[in-house]
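Structural features, examined
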Amino acid sequence: LASPAPAQGAPQGSTYDWSPHQDTTHQPEGSKVTHAFLNDVWELDVGNLSYTFETNSSNSAKSGPALNKSQSIPEGNFAFVSMQVNASNFIKPEHRQAPDLCIVDVDVRVQVRHPCTRQVELVLYGPGPSAHDANYEPSSRAHSVELFHYHDGTGGGCGRNLEDLVFDDDAPSSVKDCCSSPFKGNFKPFEKLDTFHGLRPDGEWVLGAYDADVDGLEGWLEGWTLKFTVQECDQ
């Protein structure tokens, strides 16, 4: 809260308390109440506004829960599913205060069907530096983040499925340290997603799903969603 300058003649360091419903007609001598500020302008700084939106690979122009069609994860190989993100599709220009918005938080929701999650690795790739000026964007824009690293959730067996599992840096526990199969709920990813903080969300994002073994156990990526919180970029 920024206050106006003290009234002319007011003692240095004086403080003033006033309420619009306060009767100041009969204030005792020495009271801290003054009329000096009643017609002045006070300013309240609420900080940068933030915006949150979700998008998924079924329709990256609108939010939604999942893929329209499941993507097979080939045995012994990767499946890649891309998502084009454009923040302006979600945040109307008249509702935001800055032309450039950058990520302050990102969560990833996935739905994977696989009979042995001990064979599954998930990796998120952010947009490359070509999406913006490479001299401006931090190098982490081109980095990958490993979300899931061959966890079984059984203590030695073959866990089954990732059921709406949300990777969230702010979750109370890590997916590598916990939980029984099937994996469900909010957990910290294997590597932190904050590598994307401070970057613009616009561009192509890719989720890679890897099945490590060729053993007749087939897996499917049934959906994934990105949830962004963005604020005015720091210059």
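Figured I'd write up the structure that's included with this text. Quantities reported herein were computed from a predicted structural model and do not represent experimental measurements. (Residues numbered from 1 in each chain as written. Predicted model: local features only at pLDDT ≥ 70, side-chain atom pairs only at ≥ 80, totals over all residues. Heavy atoms only, no water.)

**Let's talk about the state of the cysteines**
By the definition in use, this model includes two disulfides. Here Cys 102 pairs with Cys 233 through a disulfide, and the sulfurs are 2.0 Å apart. Between Cys 102 and Cys 233, the S-S torsion sits near 95 degrees, and that sign places the bridge as right-handed. Remark: Cys 233 occurs in the segment after β10 (219-232) and Cys 102 occurs in strand β4 (residues 101-113); sequence separation between them is 131 residues. Taking relative accessible area as the criterion, Cys 102 reaches 7% and is therefore assigned buried. Residue pairing for Cys 116: its cysteine sulfur links by disulfide to Cys 158, the two sulfurs lying 1.8 Å apart. Judged by the sign of its S-S torsion, about -65 degrees, the bond between Cys 116 and Cys 158 is left-handed. Here Cys 116, found in the loop between β4 and β5 (120-125), pairs with Cys 158, found in the loop between β6 (144-149) and β7 (162-167); they are 42 residues apart in sequence, far enough to count as distant. (Disulfide = S-S within 2.5 Å. Helix = DSSP H or I, 4+ residues; strand = E, 2+ residues; numbered from the N terminus. Buried < 20%, exposed > 50% of the residue type's maximum accessible area, 1.4 Å probe, protein only.)

**Some details on the sheet that holds β5**
The strand order β3-β9-β5-β6 describes an open sheet built from four strands, whose pairing is antiparallel. Each having just a single partner strand, β3 (78-85) and β6 make up the two edges of the open sheet. Going across the sheet, the axis of each strand differs from the next one's by a mean of 20 degrees, ignoring polarity. The sheet contact formed by β5 and β6 spans five bridges and is antiparallel. When the sheet's bridge partners are listed, Leu 122 is paired in β6 with Phe 148. (Pairing = 2+ DSSP bridges. Axes fitted to C-alpha atoms, helices over the stretch in contact; angles between N-to-C directions.)

**Quick notes on the pairing of β3**
Here β3 shows one buried face, formed by Ala 79, Val 81, Met 83 and Val 85, and one open face, formed by Phe 78, Phe 80, Ser 82 and Gln 84. Relative to strand β9 (residues 203-211), β3 is paired through eight bridges, and the arrangement is antiparallel. Across the sheet, Met 83 pairs through a bridge with Trp 205, a residue of β9.

**A short note on the packing of aromatic side chains**
Summed over all chains, the structure comprises eight aromatic pairs. Here Phe 53 and Phe 228 contribute two aromatic rings whose centre-to-centre distance is 5.3 Å and whose plane-to-plane angle is 35 degrees, an arrangement assigned as tilted. Of the two residues, Phe 53 is situated in strand β1 (residues 50-56) and Phe 228 in strand β10; the sequence distance between them amounts to 175 residues. Here Phe 53 and Phe 228 have matching classes, each one buried. A network of ring pairs unites the aromatic residues Phe 53, Phe 90, Phe 196, Trp 205 and Phe 228 as a single cluster. (Phe/Tyr/Trp six-rings, centres within 6.5 Å; stacked < 30°, edge-to-face > 60°.)

**Observations concerning the environment of Val 81**
With respect to the helices and strands, the residue Val 81 is situated in strand β3. When the C-alpha atoms of Val 81 and Leu 221 are compared, they prove to be 8.9 Å apart, with 140 residues separating the residues in sequence.

**Observations regarding the environment of Gln 111**
You can see Gln 111 is positioned in strand β4. Sequence-distant contacts of Gln 111, that is, excluding residues within four places in its chain, are made with Leu 162, Glu 163, Asp 164, Trp 220, Leu 221, Glu 222 and Gly 223. (Contact = heavy atoms within 4.5 Å.)

**Some thoughts on the nonpolar core**
Of all hydrophobic cores here, the largest spans 37 residues; its most connected members are Leu 122, Phe 167, Trp 224 and Leu 226. Of the residues forming this core, the biggest block, six residues, is contributed by β4. (Core = buried A, V, L, I, M, F, W, Y, C linked by side-chain atoms within 4.5 Å.)

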